[in-house]
Structure formats: structure tokens, C-alpha cells
Amino acid sequence: MTTGIARWMPGVAVAREYRRAWLWPDIRAGIVVTALLIPAGMGYAQVAGLPPETGLYATIIPLLAYAVFGPSRILVLGPDSALAPIIAAAILPLALGDTARAVALAGLLAIMVGLLMLIGGLLRLGFVTDLLSKPIRVGYINAIALIVLISQIPKVLGFSVDAEGNAAAAAAIIEGILGGSVQPVAAAFGLGALAVIWGLKALRSPVPGVLVAVVLGMVLTWALNLADAMPVVGALPQGLPAPALGGLQWSDVVPLIIPAAGIALVSFTDSAVLSRTFAAKRGETVSGNRELRGIGVANIAGGLLGGFPISGSSSRTPVADQAGSRTQLTGVVGAVLITVFILVAPGLTVFLPASVLGAVVVAAAVSLIDVRGVVALWRMSRLDLALSLAAFAGVLVFGVLEGILVAILLSLLAFFSRAWRPYRAELGRVPGLRGYHDLSRYRESGERIPGIVIVRFDAPLFFANGGSFDDWVRSRVDAAGTGIHSVILAAEPITDIDTTAVDELVELDEYLDARGIRLIVAEMKDPVRDRLTRFGLDDRFTPDRFAPTVGAAVDEITGTLRGDLGGTRWDDDDAPRAGDGTDR
């Protein structure tokens, strides 16, 4: 068990046990990943409405911080396409066109995100990521991908649009294309870059297509002297990451609280899934709460030194894994190489076409689109599909920040709906089949036990469903006709019960008792039974009202064992005979 400083700084534990055989694989993976870190960082910075160099600062510092404080040995952190639109929506309205203020607000936002994640990790709140269910994430990410595409397609084609709202921007793009706004040279580079990226991916090239597209674009721009013929990124400032929080006031904190909470939730959800997936693949285990703390510290560090909110990268992490990365040293190598690039060759980006950088972002956005996930939801659950489409529409119609709240609200409503109207079944006997089964599944062979109604309610009992539980059990009794003397509640799925539901249970028991029907509770979990005791119901629900299994309750009531399984009767000593088929 990890203790001491290594518990809070997992990188220290890795350093203590580092093996010489890991060194070259980590260095090699760091070199390969750097080829993606530079263009991706610059591209996502521009999507966030920030200068390209901030994307590099937001890569260098978090990678170094996570190498010390992060628990995953493989996770690669950096700017992310899912976060960039949220960052832009949060800071640009407050910056009012002032680039320096936008950078400062982005840094403050990263610090706030990091603090929320750090506090969440200390309070062991890793479970909050469950607020974004898979259907909601699919819809949300698909919408984010579409928003990024809308923002970058004009750049790929060499023109710009001035429109508010996604629908208006999409219409402006179509109008620009049809109206001749496309700049041929820029479009040739942008579309050519996409062809290179997707072509090499289809060919499963060991060399990343992004690297080839960026280098080729820069070489051609330089060789053909095209830097003045189309928009280019321009030279980066030469210097190390530094604090850029000047001009901020306490009043800037309040409007960033909700965006920070949304970014923290999305960042940790995506990073945690990615981290767990690769940890399992490598036979490792990653604590969600430690992951929260690690990514939180990385965000704080990045925000203090000119960066903006980041998360685990679903595109760069697999590349690191495929390149043979063994530990967090891969990220350190990447951070060092990016720093060297900034210090030694910042002028190279003078020859980097903006359309090529836009193509890098477009390719990443397209990879986020999960058509298979939507099709799978359609096949498996129409309700989940509806939730996914609603989340998709919420992000597009109401905006990225509001869309997060819509997605969370939809997740909670979906949970509440399933708990409010859970699956419920009347159970019966199926000849030759052990146990007691849902009669709706065995309409031909299933049979009720004379005088007994067996019911199952597949959810905790609480204030919202207690009444429907009571009404449904009564309806099953009424439907069974006359001669009913016992109701058996198969209570194993009932994992909790609150005071409102207890009142409903008591009312049901009184209703049944008035009709000469005895309620027996089978398979109730001990913690739930303890709650009944705390609610003072020992006098009503005495020990003889509980049974260990449904089968035991039926046998006790009927005084016989199931004949279709070999048992026929109780012995004189009230014990089942050997070989009588005592499975309940």
C-alpha cells in the first residue's frame, strides 16, 4: 500500500522503482507524442479564442505537474477539443476583445477548475462523474465535435464568418462557400492536410499523419514563398511559460464558477474513463480520487503559468501507449521538447498555414463523432437514445455551458424516472425450472401458486415510488381473484427504504390484513431490515414475517416442497428429506 509522500506524489514512487529498461521506450514515446502535442496545443488554443502559444504553455506545465502528482503512468494531459469551446464561451464575453485579459481569465478558469478537482479528490467525490451517463456523454461529445467543426471549417477553407449561434454560423459557411469566399491556396493546404492525416491513418502508418501534414505544409509554404499568400500562424513569442494573471479582480471569479464546475466534471469524466481503460490494459489500478487530485494540481499549475484548463487526451494517450510508453517520463520528455521548440525555433510557425492547423483540429473533431455509439443506443434502448439526442440538441441550441447543465439534468431525470417507475413483476412457478420467475416471461408455462401472490419491485422504495408500489401490489391481489391468503414480497432488489415509503408499506400491510391476507417479506437485505427496526416496526413486522428466500416462504405457507423438482412433503420433524429438491 502506498504511504507517505508517494501517496500524494505518485511520481516519486515511480522514480524509486524506475528501471533502466524503461528509459528508451519512454524517451521514444515522448518524441513521438511531441509531434502531436505541438500542433494540437496550438490548434485548441485558437479554438478557445487564445493565442497559439498558450496552448503550448497549457501542455508543458500540466505534463510536468502530472508527472509528479498524477497516478496514471500512461495518461497524457493537454488542451482538449471538448473543453476548448467551453473555455471560449466562458472567457470571451468577459474579455471584450482584449487578448491579454482573455489569457488572464483562462488562467483563472484553470486555477478554479483545478481547485474544484483538488477539493473533490480530497473529499473523495470521484463518484460525481456518474452524473454524466454514457448516453449523455455520447450526445454531448457529438455536439462538441459539430461545434468545433463549424468553427474550424472556414479556417480550413481560408475565410472567416461573423455570425452568432451554431445555426447562423453553419448558414454563413454555406453562403461563403457558394459565394466564392474560399481562398484557393489556403483551401488547398487545408484539404490536402486532411487528406494526408486521414490517408496515413487508413494506411496505419507508424508516422503520425498530423506530423507529416504540419511539416509538409510548412516546407511547401517556405519553398514556394506562400507565407504572404494565405493566413499563417505567425512566429511564437520566444520565452518560457510565465504568470499571466494581471488585471484580474475578485469580481471575475463569480461568472466563472459554473463554467469551472462544468469543465471540471467533463475533464475528470473523460480523463477517468481514459485512465481506467489504459490502466486495466496494463494490469494496473488507478484511484479515481487520486486522479482528481492529480489533474487538479496540473490545472492549477498550468493556470498559474499562462495556460488554460486541460484534461487527459483521448488522441495523444493512445499514441504514447502504442509508442511503448512505460511511465510519466514520456510526458516529461514531451514537455522538455516543446520548451526547446519555443526557445530555439519559435519562428518556424511563420510558415505554418492557419488552414493546416485548422485541419488538425477538424481531424480531431471528426474522430470524436461517435456514430456507432448512437446506433448502439438505438438498438439497445430508445430511452437512452432519446436522452443522448436531447443532450446533443441542448448543447447546440442553448450553448456549451448551458448544455452541460442540460446533460446533468437529463441524467438525473433519467435516474429518477427509472427509480420512479422501475421494472416490477409478479412471480410464479415454471414446472421443472428452479426458482420463481416473472410470469410475463412465461405466459404459457408459468403458473400462480393457489392462494399466494408473489411480487417483486426492482428499485429502492422512496417517497416518489412508494405510492405506486402500494397501488401495484393491490392491483396484483385484485387481479388474482378470490381465495388469496398470502402475499410474498421478493425484496432482494429493494436496497433502501425511506420514511415515506415505510408509511406506504404499513398502509399496504393494513389493507391486506383487513382482507385476511398475510404479507411475507422474503430475501430482504439486512441493512433494509435494520431500517425497519429503527422506524419502530418490530411489533408489526415480527421475525415470522420474514423468509430467507421466496422458495422458503412458499414451502412454509404450503407445507410442501416442490413436486416438480422431486420434493413432495415435509417430514414429521419439519425438515426436508434428503434428495427432495430443496432449491428454492
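Owing to the predicted nature of the structure, the values given are computational and were not obtained by experimental measurement.

Consecutive residues of a regular strand have side chains that alternate between opposite faces of the sheet. Along strand S5 (residues 452–457), five of the six residues are buried, which leaves the element largely enclosed by surrounding structure. In terms of strand pairing, strand S3 (residues 424–430) meets S5 through four bridges, oriented antiparallel. Residue pairing across strands places Ala425 opposite Arg456, the latter belonging to S5. The pairing of S5 with strand S6 (residues 486–490) spans five bridges and is parallel. Its bridge partner being in S6, Val455 is matched across the sheet by Leu489. With helix H19 (residues 466–480) bridging S5 and its parallel neighbour S6, the resulting β-α-β unit is right-handed.

Here we take up the nonpolar core. With 101 residues, the main nonpolar core has Ile91, Leu109 and Tyr140 as its most contacted residues. Broken down by element, this core gets its largest block of residues, 10 residues, from helix H15 (residues 354–368). Aside from chain neighbours lying at most four places away, what touches Ile91 is Ala48, Leu50, Ala102, Leu105, Ala106 and Leu109. Judged by nonpolar contacts, the second largest core, of 30 residues, contains Leu489, Ile494, Val502 and Leu512.

When the UniProt feature table is mapped to this numbering, "domain: STAS" (unreviewed entry) covers residues 442–557. Along residues 442–557 one finds 41% helix and 16% strand; the C-alpha atoms at either end are 23 Å apart.

Strand order in this open sheet of six strands is S4-S3-S5-S6-S7-S8, and the pairing throughout is mixed. At either margin of the open sheet sits one strand with a lone partner, and together these are strand S4 (433–438) and strand S8 (546–547). Inspection of the sheet shows S3 paired to S4 by three bridges, in the antiparallel sense. Note on S4: the bridge partner recorded for Val430 is Leu433. Packed on one face of the sheet, H19 meets S3, S5 and S6 and runs near 150° to S5.

Moving on: the packing of aromatic side chains. Scanning the model with the defined rule gives five aromatic pairs in all. Relative to Phe462, the ring of Phe416 lies with its centre 6.1 Å away and its plane at 80°, an arrangement referred to as edge-to-face. Highlighted residues: Phe416 in helix H18 (residues 400–420) and Phe462 in the loop between S5 and H19, separated in sequence by 46 residues. Judged by relative accessible area, Phe416 falls into the partly exposed class, the value being 34%. Note on Phe462: relative accessible area 16%, which makes it buried. Of the aromatic side chains, those joined through ring pairs into one cluster are Phe416, Phe462 and Phe463. Here Arg474 stacks its cationic end above the ring of Tyr511, 4.2 Å away from the centre of that ring. The ring of Phe546 is capped by Arg529, whose NZ or CZ atom sits 3.9 Å from the centre of that ring.

This brings us to the pattern of salt bridges. Taken as a whole, this structure holds 13 salt bridges when the rule is applied. When the shortest N-O distance is used, the salt bridge between Glu17 and Arg73 registers 2.2 Å. Of the two residues, Glu17 sits in the loop between helix H2 (10–16) and helix H3 (23–47) while Arg73 sits in the loop between helix H4 (52–69) and strand S1 (77–78), which places them 56 residues apart along the sequence. What makes Arg73 buried here is its relative accessible area of 18%.

A word on empty space enclosed by the protein. For the structure on display, the rule yields three cavities of 30 Å³ or more. Volume-wise, the largest cavity comes out at about 70 Å³. Along its surface, the largest cavity is lined by 13 residues, and Leu75, Val76, Gln328, Thr330 and Gly331 are the ones closest to its centre. Listed by contribution, the elements that provide at least two residues to the lining of the largest cavity are H4 and helix H14 (329–344). Top contributing element to the lining of the largest cavity by residue count: H4, with three residues.

A grouping of Trp8, Leu115, Ile119, Leu122 and Leu123 is seen on the molecular surface, where their side chains present a nonpolar patch of about 510 Å² in accessible area. A total of three residues in the nonpolar patch trace back to one element, the largest contributor, which is helix H6 (residues 99–122). In this fold, Leu123 is placed in the loop between H6 and helix H7 (134–157). The exposure class assigned to Leu123 is exposed, which follows from its relative accessible area of 56%.

With that settled, the discussion passes to the environment of Ser355. The residue Ser355 is located in helix H15 in this model. According to the relative accessible area criterion, Ser355 is buried, its value standing at 1%. In sequence terms Ser355 and Asp384 are 29 residues apart; their C-alpha atoms lie 38 Å from each other. Beyond its immediate stretch of four places on either side in the chain, Ser355 contacts Lys155, Val156, Ala186, Phe189 and Gly190. At a separation of 2.9 Å, a polar atom in the side chain of Ser355 contacts the main-chain carbonyl oxygen of Ala186.

Conventions adopted
Residues numbered from 1 in each chain as written. Predicted model: local features only at pLDDT ≥ 70, side-chain atom pairs only at ≥ 80, totals over all residues. Heavy atoms only, no water. Buried < 20%, exposed > 50% of the residue type's maximum accessible area, 1.4 Å probe, protein only. Helix = DSSP H or I, 4+ residues; strand = E, 2+ residues; numbered from the N terminus. Pairing = 2+ DSSP bridges. Right-handed = clockwise from strand over helix to strand, strands pointing away. Core = buried A, V, L, I, M, F, W, Y, C linked by side-chain atoms within 4.5 Å. Contact = heavy atoms within 4.5 Å. UniProt positions renumbered as here; feature names shortened; annotations may be inferred. Axes fitted to C-alpha atoms, helices over the stretch in contact; angles between N-to-C directions. Phe/Tyr/Trp six-rings, centres within 6.5 Å; stacked < 30°, edge-to-face > 60°. Lys NZ or Arg CZ within 6 Å of the ring centre and 35° of its normal. Salt bridge = Lys/Arg side-chain N within 4 Å of Asp/Glu carboxyl O. 1 Å grid on protein atoms, 1.4 Å probe; cavity = no way out; pocket = protein on both sides within 12 Å on 5 of 7 lines; lining within 4 Å. Points joined across faces, edges and corners; volume = space filled by probe spheres on them. Patch = residues over 30% accessible without salt bridge, like charges linked within 9 Å, V, L, I, M, F, W, Y side chains within 5 Å. Areas by Shrake-Rupley, 256 points an atom, 1.4 Å probe, with all protein chains shown as cover. Polar contact = N/O pair within 3.5 Å; in protein donor to acceptor, adjacent residues only side chain to side chain.

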